[in-house]
Amino acid sequence: MTDTVTLNSGSSKHTLLVVDGHSLAFRAFFAMPVDNFSTSTGQATNAVWGFATMLAQVIDTEQPDLLGVAFDVKGGTFRNELLPQYKGTREAAPEELLTQLPLIQRLLTALGVTYIEKPGYEGDDVIATLATMGDHAGYHTLVLSGDRDAFQLVDDNVTVLYPGHHFKDLKHMDPQAIIDKYKVTPAQYPDLAALRGETADNIPGVPGVGDGFAAKWINQYGSLEGIAAHADEIGGKKGESLRANIDQVMLNRKVNALVRDIDLGVSLNDLTFGSIDAGALDTLFKELEFGARTKTRVLKTFNTGGGQTAADQGKGRPDNQSQAELDLNLPDNTAISTVQQFDAWIDEHRHDIAVSEEVAAFKAKDFSDHDTHIIIGENVHHTWTLAAWGDDRPGRSHVQALAIEAGKHAVMIAFPCEAALHEALNAFLSQEHGRIIVHGYKELLHLLAAAHLDLDLPLFDTKLAGYLAQPDFHADGLIQAAEHFLDIQVDEETQPAQGMLDFDAESTQPDADEQRLRDLSIIRELAGTLAPVIDQREQYWLMRAVELPVSRVLFEMERDGAKIDTVRLRGMRDQFAQDARFAQETAWQFAGSQLNLQSPKQLQKVLFEDFGLKPTKRTKSGSYTTNASALQDLYIRSVDNEQANGFLGALLRHRETNKLKQIVQSLIDAVNPADERIHTTFEQTVAATGRLSSVDPNLQNIPNRNAAGREIRGVFVPGEGYESLLSCDYSQVELRIMADLSGDEALIEAFRSGMDFHKYVASMVYKLPVEEITGDQRSHVKAMSYGLAYGLSTYGLAQQLKIAPREAESLKNRYFETFGKVHDYLESLVTTARSKGYTETMFGRRRYFPALQSTNRVARDAAERAALNAPIQGSAADIMKIAMIQASRALREADVRSRIILQIHDELVVEVAPGEADQVTALVRNAMEHAVELAVPLDVSCGIGADWQLAAH
DNA sequence: AAATAGACGTA
DNA sequence: CGTACGTCTATTTA
């Protein structure tokens, strides 16, 4: 690993670091989970801790000579007088953050760091003034701020450090970086911002104008004045929009200009730092209940940090501590090939393995016991780590090597290996599985299976643990996971792109072993970091009783795959291709040109320019949408224009048939010729709610909504030795979960009644007898019910049902009058997510929602809908996972050959062996119905048939 | 060659 | 101005 310290050591200039205190405090607050950081008296400390470590990190990296921190101060500024709505939509900072600001300031005082507040001005103005002072005194100034207004300060002597997605990747915004990003100079940036507006600060810009257009105009006319002077020359909608809003823009420009010459009452001499008040710091850290490690970390930086001259820096600087450097001690490696070597190695290291029997044997057979909290804690330190390398794609897996590690030593076995060693390995795995740590149990099972080996439930899976800890973070490989969770930098150059996947059969270079040893040590480190997190959140049950067992079920489903009637599939492809071609010909005739029907751009031209049709909706990038619902709309409204109408009809037919052709072709390409089966891969660590997803190919989006598409399901058939497919699905699971979790008596009664659910609900909502409910009423209520769990707006509901917004509004009101507790429950989901920072499913699966605190309304609203949906969709996913484990076990214990082959969120597809239909239907239905006991019954409907389409019910 | 946008299939 | 996904194609960008 290389030291990447460039900085100012080579330059003669000294550096001034100016920090936007509020910006950093916000960042720290939302980056650290509050509940992991509070004192016994309940004082939140996450922002203080984050502030201290983030600041220390930046100081370590940048080595400034002077340091000043600017804070906003309560009360308005001159900006509020210019723009009354300034920052009007910004929500007050959370109470838990506000109480930490004085603590942060105390910390800075104790560390000898100067902080500055100036009534009547914002922190940004203080920063601008300090930067200007530094500039005059010949310093290079770094401005640490997450506020883009600071970009106007950038010049050759001022660089803004702007945090990216992760705080640690600070972008150094110098003049060139600003030009690259915005196409204008830093000095022009405020002009651009004035045109665009700032939603976070409630400053409207010119509607329809974003960074791109603003930059174009600025470059054309030089400045805002130039644009204003030539506003009449700018054509189009955007020009019109500009003229209408020019006053607002000029006002914005006044407001976003930073004041650079405040009388702060401090001089640069006051900005030295490093004279620590050890006593005050000690008292503060005790009060905050920070551990010794934090103190050492902070002291290390601030003791050696500032106040020194550039000449001192060579020796005083801690070795690039910006990323808590973690020493990946590679284990000693022994390559072995005989059973004697293996036995000797195992015997030598067995005494290092000391996982408690209770934990090692934990099986969680009784799923109702899900609040049994098993703690792994220290156990992960006395374990084997096991990994294998090769190709883990289902249906074509292939293993090259396997390694076992016991702390400091590892054995590496190449495949194929001798029979006696194989047998010893199998014995080892079956005896030791409960003491083994892996990364990706499912993938490992594919690799092991390629060597005719098996592994019963391991103790811990770092891939699954990472997913439970942060379901929104997606690491594509072991290395990314390490970089994220361990905060280390792994040299990736020689690493195969796919992490543990390695398709290169020749990869037996000397490097390969070292990479594999590194993989092992990363897995061990990850376990050491993640196990305490899982423990602390009481999620080990989820991992051991749900995720790990379901991994095993998924492995079997992937391995077995689904048999395809390839002849019929090819026939369908040809038919759809012919239909699509015909539709295309027709469309071309109406259009009078051979345009590409799959190009939205060309379609826009033909529809909205050539035909002159009136566009309906816009896409998010501003162009006019040509999606199906828009085309449908245009089709209806263009009845008097024969040519356009004909074109639209043909286009719609082409869209549909061509899509089906694509789907069918992708299935053809995915069939494994060896067994004429499709082996999909179920991703278990991708969907943030806890659902599975399916790739290569995606078998969870095979058409089902209209007859033509549904035909495709007919090519999924039972394979040789099987006679039918069984499909079982949950009816209205998510609604049932809502009934249970909300405790709403009316909704619970609706489910217990056993009647046509939507009709029954409609009769309650409209206060009419069930017999009098019309089809429209039923379908409206049905849409309302389903929309609930998504946070559907009345506007959206109106749009979907093609009714007036007021009607939708009144439907919603009546609905919530009838099911009051459902309403309260949904609100409570968002409220608790806001205060805790995360949501939780019935089984403790968490999802964090930092965006709930966003100052951006769009982002915040989206987060609220996601937070509303996550526990509901996630609980349904949990229930299905448990059902799969139970069903799989029931089938195994009944000793039948029938097997689960697909899962489509609320549906299981089972390949049924001759004579087992009734028994298997009963077993699967029972497993699904009783996966969990709710206040309402779980209703499962089953169908059986000669193919997947015929199994529908 | 890789990334983005737009469209659309599922629960 | 509805959540969660994956895949295809066209188009832009490096």
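Every chain is numbered independently, its residues counted from 1 as its sequence is written. The order in which chains are written sets their letters, starting at A; the order in which ligands are written sets their numbers, starting at 1. Residues qualify for local features only when their pLDDT is at least 70, as the model is predicted, and side-chain atom pairs are given and counted only at 80 or more; totals for whole chains, interfaces and linings, by contrast, use all residues. The basis for every side-chain value is the complete set of heavy atoms in the structure, and neither hydrogens nor water enter the calculation.

Attention shifts here to the overall build of chain A. Within chain A, the regular secondary structure consists of 36 helices and 24 strands. Split into buried and exposed, the 953 residues of chain A put 54% on the buried side. Contacts are assigned to residue pairs with any non-hydrogen atoms lying within 4.5 Å of each other. If you take every contact in chain A between residues at least 6 apart in sequence, the share linking residues at least 24 apart comes to 70%. Only carbon and sulfur atoms are counted for the fraction: they give 50% of the accessible area of chain A, which is about 41,600 Å². Helix and strand definitions here come from DSSP, where helices need a minimum of 4 consecutive H or I residues and strands a minimum of 2 consecutive E residues; each element is numbered from the N-terminal end. Three exposure classes are used, based on accessible area relative to the maximum for each residue type with a 1.4 Å probe and protein chains only: buried under 20%, partly exposed in between, and exposed over 50%. With residues, only the protein chains shown are counted as cover, and all accessible areas are computed by Shrake-Rupley using a 1.4 Å probe.

Turning next to the protein's contact with DNA strand B. For this purpose, a residue is taken to be near a molecule or strand whenever a single non-hydrogen atom of the residue falls within 4 Å of it. Around DNA strand B, the surrounding shell holds 22 residues, and the nearest of these are Ser621, Thr626, Asn704, Arg705 and Asp906. The share of sugar and phosphate among atoms of DNA strand B within 4 Å of the protein is 80%. We define a polar contact as two N or O atoms separated by no more than 3.5 Å, with the added condition that, inside protein, one atom must be a possible hydrogen donor and the other a possible acceptor, whereas residues neighbouring each other in sequence contribute only through side-chain atom pairs. Between a phosphate oxygen of DNA strand B and a side-chain N or O atom of Ser623, the distance comes to 3.5 Å. Within the side chain of Arg655, one N or O atom sits 3.1 Å away from a phosphate oxygen of DNA strand B. Counted by class, the surface near DNA strand B contains four nonpolar, 11 polar and seven charged residues. Charged means Asp, Glu, Lys or Arg here, nonpolar means Ala, Val, Leu, Ile, Met, Phe, Trp, Tyr, Cys or Pro, and polar covers whatever is left, Gly included.

Sheet architecture is open: six strands sit in the order S3-S2-S1-S4-S5-S6, paired in mixed fashion. The open sheet is flanked by strand S3 (114–117) and strand S6 (170–173), the only strands paired with a single partner. For this sheet, the mean inter-axis angle between neighbouring strands, taken without regard to orientation, is 25 degrees. Summarising the sheet, strand S4 (residues 140–144) and strand S5 (residues 158–163) pair through four bridges and their orientation is parallel. In short, DSSP must find at least two bridges between two strands for them to pair. An axis is simply a line fitted to the C-alpha atoms; with a helix, the fit covers only the stretch in contact. Between two such axes, the angle follows the N-to-C directions and lies from 0 to 180 degrees.

The subject of this paragraph is the pairing of S3. Covered by surrounding structure in S3 are Thr114 and Ile116 only, the residues Tyr115 and Glu117 on the alternate face being uncovered. Relative to S3, strand S2 (residues 66–71) runs parallel, the two sharing four bridges. Counterpart to Phe71 in the pairing with S3 is Glu117.

So, about the protein's contact with DNA strand C. Close to DNA strand C lie 28 residues; Ser599, Ala688, Asp696, Tyr790 and Ser793 are nearest. Contacts to DNA strand C include Arg847, whose side-chain N or O atom sits 3.1 Å from a phosphate oxygen. Counting only elements with at least two residues in the surface near DNA strand C, the list comes to helix H24 (600–610), helix H26 (642–670), strand S18 (693–695), helix H32 (794–801) and helix H35 (857–893). The element best represented in the surface near DNA strand C is H35, accounting for four residues. Its residues assigned to classes, the surface near DNA strand C shows eight nonpolar, 15 polar and five charged.

It is worth spelling out unusual backbone geometry at this point. The amide bond that connects Phe415 to the next residue, Pro416, takes the cis arrangement and shows omega of 0 degrees. Tracing the chain through its elements places Pro416 in the loop between strand S12 (409–414) and helix H17 (419–432). Cis geometry is found at the peptide bond from Asp696 to Pro697, where omega equals 0 degrees. Mapped onto the fold, Pro697 is located in the loop between S18 and helix H27 (707–710). One non-glycine residue, Glu538, adopts positive backbone phi at about 60 degrees. With respect to the helices and strands, the residue Glu538 is situated in the loop between helix H21 (510–536) and helix H22 (540–560).

The terminal C-alpha atoms of helix H36 (residues 917–929) lie 18 Å apart, and with 13 residues this matches the ideal 18 Å at 1.5 Å per residue to within 8%. Every buried residue of H36 is accounted for by Ala917, Val920, Thr921, Val924, Ala927 and Met928. In a view along the axis of H36, the buried residues occupy a sector of 135 degrees, so they form one face of it. Buried residues in H36 make contact with strand S19 (724–730), H35, strand S23 (907–912) and strand S24 (940–945). The span one expects for a helix is its residue count, reduced by one, times 1.5 Å. Directions pointing from the helix axis toward each C-beta atom define the arc.

Next up on the list: the environment of Asp156. One can find Asp156 in the loop between S4 and S5. Asp156 sits 20 residues away from Gln176 along the chain, and the two C-alpha atoms are 9.6 Å apart.

Pairing between side chains of opposite charge can happen when their charged atoms approach one another. Salt bridges are identified by distance alone: a Lys or Arg side-chain nitrogen within 4 Å of an Asp or Glu carboxyl oxygen. Using the criterion set out here, one finds 33 salt bridges in the structure. Between Arg847 and Asp472 there is a salt bridge, with the nearest N and O atoms lying 3.1 Å from each other. Placement of Arg847 in strand S21 (residues 846–848) and of Asp472 in the loop between helix H19 (462–469) and helix H20 (478–485) is noted, with a sequence separation of 375 residues between them. Residue class for Asp472 comes out partly exposed when judged on its relative accessible area of 44%. Between Asp947 and Arg568 there is a salt bridge; the shortest N-O distance is 3.6 Å. Residue Asp947 is found in the segment after S24, and its partner Arg568 is found in helix H23 (residues 566–591); the two are separated by 379 residues along the sequence. Judged by relative accessible area, which is 6%, Asp947 ranks as buried.

Glancing now at the packing of aromatic side chains. Any Phe, Tyr or Trp ring, taking Trp's six-membered ring, that has another such ring centre within 6.5 Å forms a pair; planes under 30 degrees apart are called stacked, those over 60 apart edge-to-face, and the others tilted. Counted by the stated rule, this structure contains 18 aromatic pairs. Arranged with centres 5.9 Å apart and planes meeting at 85 degrees, the rings of Phe342 and Phe428 form a pair that is edge-to-face. One end of the pair, Phe342, is in helix H15 (residues 339–349); the other, Phe428, is in helix H17, and 86 residues separate them in sequence. Classification of Phe342 as buried rests on a relative accessible area of 1%. Taking the centre distance of 5.1 Å and the plane angle of 50 degrees together, the rings of Tyr838 and Tyr848 count as tilted. Here Tyr848 lies in strand S21 and Tyr838 lies in strand S20 (residues 838–840), a separation of 10 residues in the sequence. Tyr848 matches Tyr838 in its accessibility class, with the two residues each being buried. One aromatic cluster is present, built from ring pairs that chain together Phe342, Trp345, Trp384 and Phe428. When the ring centre of Tyr722 is taken as origin, the NZ or CZ atom of Arg897, which lies over that ring, is 4.9 Å away. For a Lys NZ or an Arg CZ to count as sitting over a ring, it must be within 6 Å of the ring centre and within 35 degrees of the ring normal.

Turning to the sheet that holds S19, a few remarks are in order. Here four strands make up an open sheet; going across it, the order is S22-S23-S19-S24 and the pairing antiparallel. Among the strands making up the open sheet, the edge pair consists of strand S22 (899–903) and S24. Here the strands of the sheet are splayed against their neighbours by 25 degrees on average, with no regard to which way each runs. Sheet topology places S22 next to S23; four bridges connect them, and they run antiparallel. If you follow Gln903 over to S23, its bridge partner there is Leu908.

A separate point is the packing of H22 against H35. In the contact formed by H22 and H35, the axes pass within 9 Å of each other and the chain directions differ by 60 degrees. When the axes of H22 and H35 are compared, the pair comes out oblique. Considering how the two elements wind past one another, H22 and H35 form a crossing that is left-handed. In contact with Trp541, Ala545, Val546, Glu547, Pro549, Val550, Val553, Leu554, Glu556 and Met557 of H22, H35 contributes Lys881, Ile882, Met884, Ile885 and Ser888. Geometric relationships in this document are graded by angle, where less than 35 degrees denotes roughly parallel, more than 145 denotes roughly antiparallel, 65 to 115 denotes roughly perpendicular, and other angles denote oblique. Throughout, a crossing is termed right-handed when the near helix is turned clockwise from the far one, and left-handed when it is turned anticlockwise from it by less than a right angle.

What follows is about the environment of Gly820. Structurally, the position occupied by Gly820 is in helix H34 (residues 820–836). Through-space distance from the C-alpha of Gly820 to that of Leu747 is 9.7 Å; in sequence the pair is 73 residues apart.

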